[in-house]
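Chain residues, written in single-letter form:
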Protein chains: 2
Amino acid sequence: MPILECILIEAENGQISLTANNMELGISTVISGDIVTPGTIAIDAKMFSEMVKKLPDNDVTIEANDSNYEVTIQCEEAFFRVRGKDGDEFTKLPSIDRDQYFTINQFDLKQVINQTIFSIATNENNKIMCGELFEVNGNNLRVTSLDGYRISIRNVELKDDYGKFKKIVPGKTLSEISKILTGEADSEVLVYVTNNHILFEFDDTVVVSRLIEGEYFHVEQMLTGDYATKVTINKRKLMSCFDRATLFIRESDKKPIIIDISDEGIDLKLVSNMGSFEEHAVAEKTGKDLTIGFNPRFFMDILKVIDEEDINIYMMNSKAPCFIKDAEATYTYLLIPVSFSVPE
Amino acid sequence: MPILECILIEAENGQISLTANNMELGISTVISGDIVTPGTIAIDAKMFSEMVKKLPDNDVTIEANDSNYEVTIQCEEAFFRVRGKDGDEFTKLPSIDRDQYFTINQFDLKQVINQTIFSIATNENNKIMCGELFEVNGNNLRVTSLDGYRISIRNVELKDDYGKFKKIVPGKTLSEISKILTGEADSEVLVYVTNNHILFEFDDTVVVSRLIEGEYFHVEQMLTGDYATKVTINKRKLMSCFDRATLFIRESDKKPIIIDISDEGIDLKLVSNMGSFEEHAVAEKTGKDLTIGFNPRFFMDILKVIDEEDINIYMMNSKAPCFIKDAEATYTYLLIPVSFSVPE
């Protein structure tokens, strides 16, 4: 049982806190209870959480032996006994300067993470692509993620002017935070940043994470207002077309979905060795007719995180990046098309 | 795409039916619709069911090409095209004599399967242990399953006298049927048996299965009314004790739960290399004190399928089979105890 897989229980100074720390990311939360004798102990995190889940809904007594670190967890007539570890072996969370910060409500933070996290890179070859860029500029937070095939950009309005700074936050940290956040709109999260760390504080919980060092990609130069073809379409309708089309693709498969755009709307087509799919959908088109191919899963990922009823798709030609964005550019998704051969 | 993995669609004689058949087990169901041109076609079952799930909630048109077996499945503006197979290659369900039979309502059948299926053997070394014995005796159906460690016996009262016969039904067949049954108490299932087959008929569906040949185990001689110790305990309470105890066992682990029975109730104890668990539970005891060990998962399996609030456990000694049964013996579960060393 390595100490990194433990939860530290601290019952000191009239406060009970639980802390986990894997050196990249640390989470600490304060819980209410009675301290009979102050002390600290580290317990295997997974085991401890399973125990707590299985206990009756009643007061729990935790007793640790100072010399052999044996821990008894008791609730009603049930007793668990496990071997813990010396709390002093545990690496405490780093202390963070609380100078630079912004606040955001839980709903917005949870939402903006979920709306961008899908387009970070999953392999660690490019460290920076595994994070998201958080840019504060006055009362605006802009969150950017990209993986070489697509870019996600979301803007969130903040309550106050918090100055101007930007940090690259690890995707893993953001996924974990998104799980813990209740997502309530009237509950605030305080976000402090230093050169190397970011700290999120909400409810009775503190999350501290290392930042990713380096310069983020300059995506601004890839964003353009120009387009040759614009399509406006019902999002739900388009999603169910894509859902049907992906039936004929397996994981390893790289078959594109081909979209034929004309005044009549759009025609989607996907051909794989399992079969072929075709569907016509009503859409509003301005500009030139166009035939363009996409990785259907990548397109779906974007559709899933847009809440609007109708979406706008802006295209230049079959090789240039396509943009899905709203009129105010509160969100911008860029997707690179794929080459295709026209099926018969 | 082997023909055994296909669904046969038959649109003939004014009736549309879907049939699947893996030679052990076959299922056929009739659906309503319009036949434009009669015919039959076989389509990959998994693919077909995924397509149907993804289609809009509207009429579906299925069109098969007689010469190349290309199938078009259309709904609203969506078209799927897949390659099917000649319907004549498909092995039809065997025709079954409808002389010997009984009827049972869907609720009872689904219930009796779920209450016994967990104690069939999972490896195929002993074919007979992979089935369940269905015994009809007048207006009583008795279902028995066993795996060498435990025996499950359930009795169900039938509406009529259906004579006297017994058959060994494959566990796989019963699991599949249990999934299809809606479980409604006012919907009847007709069950026909021949020497080699069993046929279940309900709603618009027919399930035909081979039977397992051979003589089932004579469990009667293992059942006894004698006991030295009897414990009556709240089932839910005991289940949550077992649930907590199993926290310290991993799959491969064979640690027993040791139960100490005395006038004060029962004390459960489980020690593994992960930790130890102890709990006291109130219980009503008659007869001798006893310390006995069980495979906790096997005991849990039984507790899960008993609906009664309190259960009776009958034991002779720490080596003899233990019985869990109700006063009327509508159910009897036998569990063989395991040896154990007394922990400190």
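Our subject is the structure that appears above.
As a starting point, this report considers the structure included with it. Every chain is numbered on its own, with residues counted from 1 as its sequence reads. Working convention: letters from A go to chains and numbers from 1 go to ligands, in the order in which they are written. With pLDDT at 70 or above as the cut-off, local features in this predicted model cover only qualifying residues; side-chain atom pairs require 80 or more to be listed or tallied, and sums for whole chains, interfaces and linings still use all residues.

1. Considering the overall build of chain A
Line of reasoning, step 1. Helix and strand content of chain A: 5 helices and 25 strands.
Line of reasoning, step 2. Whether two residues are in contact is decided by their C-beta atoms, placed from the backbone, lying within 7 Å. Nonlocal contacts in chain A, meaning residues at least 24 apart in sequence, comprise 66% of its contacts between residues at least 6 apart. What counts as a helix is a DSSP run of H or I of at least four residues, what counts as a strand is a run of E of at least two, and both are numbered from the N terminus.

2. Considering unusual backbone geometry
Line of reasoning, step 1. Positioned with a positive phi, A:Tyr69 is a non-glycine residue whose angle comes to about 60 degrees.
Line of reasoning, step 2. Tracing the backbone through its elements, the reader meets A:Tyr69 in the loop between strand E5 (60–64) and strand E6 (70–75).
Line of reasoning, step 3. Positive phi, close to 80 degrees, is recorded for B:Met23, a residue that is not glycine.
Line of reasoning, step 4. With respect to the element layout, B:Met23 can be found in the loop between strand E2 (15–21) and strand E3 (25–31).

3. Remarks on the environment of A:Asp99
Residue and element names in this part refer to chain A.
Line of reasoning, step 1. Looking at where aspartate 99 falls in the secondary structure, it is placed in the loop between strand E8 (85–86) and strand E9 (100–105).
Line of reasoning, step 2. Aspartate 99 sits in the exposed class, given 8 other C-beta atoms within 10 Å.
Line of reasoning, step 3. Put simply, aspartate 99 and asparagine 68 are 31 residues apart on the chain and 42 Å apart in space, counted from C-alpha to C-alpha. Buried residues are those with 20 or more other C-beta atoms within 10 Å of their own C-beta, exposed residues have 12 or fewer, and partly exposed residues lie in between; C-beta atoms are placed from the backbone.

4. A word on the interface of chain B and chain A
Line of reasoning, step 1. At the interface, 21 residues of chain B touch 21 residues of chain A.
Line of reasoning, step 2. Among the secondary structure elements, those contributing two or more residues to the side of chain B that touches chain A are helix H1 (45–54), strand E7 (78–83), helix H4 (235–245) and strand E20 (275–281) of chain B.
Line of reasoning, step 3. The element that contributes the greatest number of residues to the side of chain B that touches chain A is E20(B), accounting for 7 residues.
Line of reasoning, step 4. Three classes are used: nonpolar for Ala, Val, Leu, Ile, Met, Phe, Trp, Tyr, Cys and Pro, charged for Asp, Glu, Lys and Arg, and polar for all others, with Gly counted as polar. Tallied by class, the residues present in the side of chain B that touches chain A amount to 10 nonpolar, 3 polar and 8 charged.
Line of reasoning, step 5. When DSSP locates at least two bridges between a pair of strands, those strands are taken to pair. As defined by bridge partners, strand E7 (residues 78–83) of chain A adjoins E20(B) across 4 bridges and the pair is classed as antiparallel. If you follow A:Phe80 over to E20(B), its bridge partner there is B:Phe277.

5. A closer look at the relation of the copies chain B and chain A
Line of reasoning, step 1. The two copies are related by a screw operation: chain B maps onto chain A through 180 degrees of rotation and 0.0 Å of translation along the axis, at an RMSD of 0.0 Å. Such a combination of turn and shift is consistent with a two-fold rotation axis. When each C-alpha of chain B is compared by its distance to the rotation axis, B:Glu251 comes out closest, at 15 Å.
Line of reasoning, step 2. The overlap is high: 100% of the interface residues of chain B also sit at the interface in chain A, so the same surface is used on both sides. The least-squares superposition of copies is restricted to C-alpha atoms, and to residues with a pLDDT of at least 70 in both copies.

6. Let's talk about the packing of H4(B) against helix H5 (residues 296–304) of chain B
Residues and elements named next belong to chain B.
Line of reasoning, step 1. Axes, fitted as lines to C-alpha atoms, cover a helix only where it is in contact. Angles between the N-to-C directions of the axes lie from 0 to 180 degrees. At a minimum axis distance of 10 Å, the contact between H4 and H5 shows a crossing angle of 150 degrees. The angle between H4 and H5 places the two elements in the roughly antiparallel class. Crossing angle aside, the handedness with which H4 passes H5 is left-handed. Facing H4, whose interface residues are Lys235, Leu238, Met239, Phe242 and Ala245, H5 presents Pro296, Phe299, Met300 and Leu303.
Line of reasoning, step 2. Here the contact of H4 with H5 is built from residues that sort into 8 nonpolar, no polar and 1 charged. Any angle that is under 35 degrees is reported as roughly parallel, and any over 145 degrees as roughly antiparallel; angles of 65 to 115 degrees are reported as roughly perpendicular and all others as oblique. By the definition used in this description, the sense in which the near helix is turned from the far one sets the handedness, with an anticlockwise turn below a right angle giving left-handed and a clockwise turn giving right-handed.

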